[in-house]
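# Residue-level structure breakdown
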Amino acid sequence: DSGVTQTPKHLITATGQRVTLRCSPRSGDLSVYWYQQSLDQGLQFLIQYYNGEERAKGNILERFSAQQFPDLHSELNLSSLELGDSALYFCASSVVQGGYTEAFFGQGTRLTVV
Amino acid sequence: AQSVAQPEDQVNVAEGNPLTVKCTYSVSGNPYLFWYVQYPNRGLQFLLKYITGDNLVKGSYGFEAEFNKSQTSFHLKKPSALVSDSALYFCAVRDTGDGGFKTIFGAGTRLFVKA
């Protein structure tokens, strides 16, 4: 158990809908990362937050947004969902904002858009 | 921008034989390099990392990796493979020249260890 909790584990929704994925980082970790894993795109970095502030952005679509709250949990919001958004979404956390520290991953949320 | 390549989609090895999973990278500054493993229906687990110092780093489950600056490589190795090592392996890099915030992952290499 990595200590990173993601909910829900599975989500099935229709095209055009909006969903929110939730991540609770390990106790004491200030940095949260979001990744999308799909069969054809591999593991894509979406966005990183550190202590409530956005620190780095990757290939995140404009339909997607995220935030980190004062209690350090984070949410990834996906809107106007398309079939191609079906993927495994991972959250990871680390003590500091990148650098030399490894990240600890949650078990992911599997999103299926039908 | 940093990038990382894992040239092999799949590596097959017999149990007891040595294994190598290849990784090359590109950064503007100095790299921080990581290996992670993913078992089916699980999140990624950290194996080992290179930050600075000794080019040979040792990690979990008997894995080690060798940092080669001239070849910009960070290959994962194990002297004797186990069937239980069968999983998806990811190499990752952070670029100190880019602030060191973003972690970019390779496409992954699936390792099959045959009994």
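Our structure's up above, just so we're on the same page.
Rules used in this analysis
- Residues numbered from 1 in each chain as written.
- Chains lettered and ligands numbered in written order.
- Predicted model: local features only at pLDDT ≥ 70, side-chain atom pairs only at ≥ 80, totals over all residues.
- Heavy atoms only, no water.
- Helix = DSSP H or I, 4+ residues; strand = E, 2+ residues; numbered from the N terminus.
- Rg over C-alpha atoms; globule rule 2.2 N^0.38 Å.
- Buried < 20%, exposed > 50% of the residue type's maximum accessible area, 1.4 Å probe, protein only.
- Contact = heavy atoms within 4.5 Å.
- Areas by Shrake-Rupley, 256 points an atom, 1.4 Å probe, with all protein chains shown as cover.
- Polar contact = N/O pair within 3.5 Å; in protein donor to acceptor, adjacent residues only side chain to side chain.
- Disulfide = S-S within 2.5 Å.
- Buried area = accessible area lost by both parts, 1.4 Å probe.
- Salt bridge = Lys/Arg side-chain N within 4 Å of Asp/Glu carboxyl O.
- Nonpolar A, V, L, I, M, F, W, Y, C, P; charged D, E, K, R; others polar.
- Phe/Tyr/Trp six-rings, centres within 6.5 Å; stacked < 30°, edge-to-face > 60°.
- Pairing = 2+ DSSP bridges.

## A word on the overall build of chain A
Of the regular secondary structure elements, chain A holds 0 helices and 11 strands. Listing the helices and strands of chain A from first to last along the sequence gives β-β-β-β-β-β-β-β-β-β-β. For chain A, the C-alpha radius of gyration of 13 Å lies close to 13 Å, the compact-globule estimate for 114 residues. In terms of overall dimensions, chain A has a C-alpha envelope of 40 × 30 × 25 Å along the principal axes. Split into buried and exposed, the 114 residues of chain A put 53% on the buried side. Across chain A, the fraction of contacts at a sequence separation of at least 24, relative to all contacts at a separation of at least 6, is 55%. Surface summary for chain A: the accessible area is close to 5300 Å², and the carbon and sulfur share equals 48%.

## Focus: the side chain of H75 of chain B
Residue and element names in this part refer to chain B. Within the fold, H75 resides in strand 9 (residues 73–78). From its side chain, H75 meets the backbone nitrogen of C23 in a polar contact 3.0 Å long. Among all residues touching H75, those that are not within four sequence positions of it are T20, V21, K22, C23, W35, E64, A65 and E66.

## A short note on the environment of S80 of chain B
All names here are of chain B. Along the chain, the position of S80 falls in the loop between strand 9 and strand 10 (87–95). Linking S80 and E15, residues 65 residues apart in sequence, is a C-alpha distance of 7.0 Å. Sequence-distant contacts of S80, that is, excluding residues within four places in its chain, are made with G16, N17, P18 and D85. At 3.4 Å, the side chain of S80 forms a polar contact with the backbone oxygen of G16.

## Let's talk about the state of the cysteines
Here a disulfide denotes one covalent bond, and it connects the sulfur atoms of two cysteines. Residue and element names in this part refer to chain A. Within this structure, the stated rule accounts for 2 disulfides over all chains. Here C23 connects covalently by a disulfide to C91, the sulfurs 1.8 Å from one another. On the S-S bond that ties C23 to C91, the torsion sits near -50 degrees, and the link is left-handed. Taken together, the positions of C23 in strand 3 (residues 19–24) and C91 in strand 9 (residues 87–94) put the pair 68 residues apart, joining distant regions of the chain. The class for C23 is buried, based on a relative accessible area of 0%.

## Observations concerning the interface of chain B and chain A
Taken together, the contact pairs 20 residues of chain B with 22 residues of chain A. Each partner contributes to the roughly 1700 Å² buried at the junction of chain B and chain A, and carbon and sulfur atoms together form 55% of this total. Inspection of the region where chain B meets chain A yields 1 salt bridge. Two residues, E102 of chain A and K49 of chain B, come together in a salt bridge whose shortest N-O distance is 2.8 Å. Counting across the chain B and chain A interface gives 5 residue pairs in polar contact (both at pLDDT 80 or more). Counting residues per element, the side of chain B that touches chain A draws most heavily on strand 5 (residues 31–38) of chain B, which supplies 4 residues. Of the residues assigned to the side of chain B that touches chain A, the class counts are 11 nonpolar, 5 polar and 4 charged.

## Observations regarding the packing of aromatic side chains
As enumerated under the stated definition, the model contains 15 aromatic pairs over all chains in all. Look at F90 of chain A and F105 of chain A: their rings are 6.2 Å apart centre to centre, the planes differ by 80 degrees, and that puts the pair in the edge-to-face class. Here the residue F90 of chain A occupies a position in strand 9, and F105 of chain A occupies one in strand 10 (residues 104–105), the gap between them amounting to 15 residues. Exposure remark for F90 of chain A: the relative accessible area of 0% places this residue in the buried category. Their ring planes at 50 degrees and their centres at 5.5 Å tell us that Y36 of chain B and F105 of chain B sit as a pair that is tilted. Of this pair, Y36 of chain B sits in strand 5 while F105 of chain B sits in strand 11 (residues 104–105); the two residues are 69 residues apart in sequence, bridging distant segments of the chain. A relative accessible area of 1% places Y36 of chain B in the buried class. Three or more aromatic residues link up through ring pairs in this structure, and these residues are Y35, F45, F90 and F105 of chain A together with F34, Y36, F46, F90 and F105 of chain B.

## Overview of the pairing of strand 8 (residues 64–68) of chain B
Residues and elements named next belong to chain B. In this structure, strand 7 (residues 56–58) lies alongside strand 8, joined through 3 bridges in antiparallel fashion. What sits directly across from K58, in strand 8, is E64. In textbook terms, the turn of a hairpin is the stretch between consecutive antiparallel strands, and for strand 7 and strand 8 this stretch comprises 5 residues, one of which, Y61, has a positive phi near 60 degrees. Pairing analysis gives 5 bridges linking strand 8 to strand 9, with the strands arranged antiparallel. Paired with N68 across the strands is S73, a residue of strand 9.

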